[in-house]
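Report on the structure
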Amino acid sequence: MAYKTTILLYKLTMNLYIYFFCFIILTASCKTPSFVKIKEICYHTGTAVLWRNSGTFFNQANHTEYIYFADVMQEKKLMLFTLNGTLDKEISLKKALDWHNVSGVIVKSLDTIIILDHYSLNSHRITFTDSSGYCWRKIIIQQTENNDIFQYRHSPFGNSLCDHSLILTSIWFKDKNEPQADGSPETMQPYYLNLYKSPCVLLFDFHTLKHQFALDTMWRIFCSDTSLFFGTNIYNTYENNNLFLYTNISNKIYVTDIINFNIKDTIRINSKYTKIGINPYPMKEYEKFLQDYLVSGKILNILYDKYTRLYYIITWHEASKDQIPFFSERPFSIHIYNHRFKKLNEHYFEGNKYDPRDCIVTKEGLLIKHNDNNKSYNPTTIKYDLYEIKK
């Protein structure tokens, strides 16, 4: 009997050792990830470049990742830099940029450089050019669907490309048979009621050259009360085969697919430094809402880091009503989530140092652009700090 008891105690002790060892290994491999600054990188562009005309792409021909900047105002060219800041190639955009208002430049490959622009309310165009500057396709997107006139917008925050489609933000503008809203409460309230039942996404298919509207129910998912006003835009970002939908007034992000547009997940963003989002207002108080919206904490962007399998959700912090700073002067956070949308950490960044609208994921880490309002700002050189994830 004593022998059996000794054997049983021995087995229990060994199991405890095994469990303890596994616990140590597990906790050691699940350390909280955080950002660590590695270095500053300078890109000598020779001119100022808007943050919505830059990005990154991987060139399959030489297996190299590039940072690109499009000068759409002065010399009208696309500049390709290596990650360390060396200018590798310049591509003329003069033939492609024959219209005025460029809303975005996206590099899918050196053979497919996409320029989105609009000449007027009724003229939205997608231009395709290549590394020689040759424009091999120009397409006008139809503005009117039935009696409804829409505006389309390239989302400046985040990726708007999937494998075969361009994803644009769709905004209902007016009924073609009705006068345009003039800003008065009498005309704006009916306008918003129409907006809140219209599709918020437009997909343009590269193969069929056709477009389709989607997610006309999304507004009411964010706010089901038809008597309330809750903003003017639903933004989208496509990352890692997921379409993320969010507004500047809610702390919720909805995750859908782009086949059936079914909601797969909901992410609620909470910060330990600030409140995110603002409550909807009665429709008649939309002007007061817009004033409070300027200073509220808000979701800015969602990025996916395929090298670490982490999501980075960027949020601006609340500001004081007494002194409303420019957006790039505000403090912000980058919330780190794993690939299953579990929050792992939140990294705080001081205001007036970086512009969180311009963050680029690379294989070396996350690039965050220096604030243009900084005293040392030089419009001919774009500076980023490179941050690496440490666990």
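Residues numbered from 1 in each chain as written. Predicted model: local features only at pLDDT ≥ 70, side-chain atom pairs only at ≥ 80, totals over all residues. Heavy atoms only, no water.

**Some thoughts on helix α4 (residues 286-293)**
Rule in force here: Buried, partly exposed and exposed residues are distinguished by accessible area as a fraction of the type maximum, computed with a 1.4 Å probe on protein chains only: under 20%, between the cut-offs, and over 50%, respectively. Helical segments are the DSSP runs of H or I of at least four residues, strand segments are the runs of E of at least two, and each set is numbered from the N terminus. Our arc is simply the arc of the directions from the helix axis toward the C-beta atoms. Note on contacts: a residue pair qualifies if any of its non-hydrogen atoms lie within 4.5 Å across the two residues.
Tyr 286, Phe 289, Asp 292 and Tyr 293 are the residues of α4 that are buried. Each buried residue of α4 sits inside an arc of 115° when the element is viewed along its axis, so together they form one side. Where the residues of α4 are buried, they touch α2 (185-195), β15 (228-229), β20 (281-282) and β21 (298-305).

**What to know about the packing of aromatic side chains**
Cut-off, in case you're wondering: Only rings of Phe, Tyr and Trp enter the pairing, Trp through its six-membered ring, and a pair is recorded when the two centres are within 6.5 Å. The plane angle decides the type: under 30 degrees is stacked, over 60 is edge-to-face, the rest tilted.
This structure, assessed with the given rule, holds 35 aromatic pairs. Ring geometry for Phe 244 against Phe 341: centres 6.0 Å apart, planes inclined by 90°, an arrangement best described as edge-to-face. Pair noted here: Phe 244 is in strand β17 (residues 242-246) and Phe 341 is in the loop between β23 (332-338) and β24 (343-349), with a separation of 97 residues, a long-range link. The class for Phe 244 is buried, based on a relative accessible area of 1%. These aromatic residues form a ring-pair network of at least three members: Trp 172, Tyr 191, Tyr 192, Tyr 196, Trp 219, Phe 229, Phe 230, Tyr 281, Phe 289 and Tyr 293.

**Regarding the sheet that holds strand β22 (residues 310-316)**
To keep things clear, this is the line we draw: In this description, strands pair whenever DSSP reports at least two bridges between them. Throughout, an axis means a line fitted to C-alpha atoms (over the contacting stretch in the case of helices), and angles, computed between N-to-C directions, take values from 0 to 180 degrees.
Across the sheet, which stays open at both edges, the four strands sit in the order β21-β22-β23-β24 with antiparallel pairing between neighbours. For this open sheet the edge positions go to β21 and β24, each flanked by a neighbour on one side alone. Mean inter-strand twist for the sheet, computed between neighbouring axes without regard to direction, equals 20°. Looking at chain direction, β22 and β23 are connected through seven bridges and run antiparallel. Bridge pairing in β23 places Tyr 312 opposite Ile 336.

**Concerning the confidence of the model for the chain**
What counts is decided by this rule: For every residue, the pLDDT score states the predictor's confidence, bounded by 0 at the bottom and 100 at the top.
When the pLDDT values of the chain are averaged, the result is 87; 90% of them are 70 or greater. Ignoring residues within four places in sequence, the model shows residues 20-29, a span with pLDDT below 50, making zero contacts including any to other chains.

**Concerning α2**
Here α2 has its buried residues at Met 188, Tyr 191, Tyr 192 and Leu 195. Down the axis, α2 shows its buried residues gathered within 95° of arc, on one side only. Where α2 is buried, its residues meet β12 (165-175), α3 (218-222), β15 and α4.

**Some remarks on the environment of Lys 353**
Topologically, Lys 353 is positioned in the loop between β24 and β25 (354-362). Note on Lys 353: relative accessible area 40%, which makes it partly exposed. Here the alpha-carbon distance between Lys 353 and Trp 136, two residues 217 residues apart in the chain, equals 41 Å.

**Thoughts on the pattern of salt bridges**
Inclusion rule: One side-chain nitrogen of Lys or Arg within 4 Å of one carboxyl oxygen of Asp or Glu is enough to make a salt bridge.
Considering all chains together, one arrives at 11 salt bridges under this definition. Of the charged contacts in the structure, one is a salt bridge between Glu 90 and Lys 77, with a shortest N-O distance of 3.2 Å. Of this pair, Glu 90 sits in strand β5 (residues 87-92) while Lys 77 sits in strand β4 (residues 77-82), and the two are 13 residues apart along the sequence. Since its relative accessible area comes to 42%, Glu 90 is described here as partly exposed. For Lys 77, a relative accessible area of 12% translates into the label buried. Between Asp 372 and Lys 369 there is a salt bridge, with the nearest N and O atoms lying 3.4 Å from each other. When salt bridges with common partners are traced through the structure, they connect Asp 98, Asp 117, Arg 125 and Lys 138 into a single cluster.

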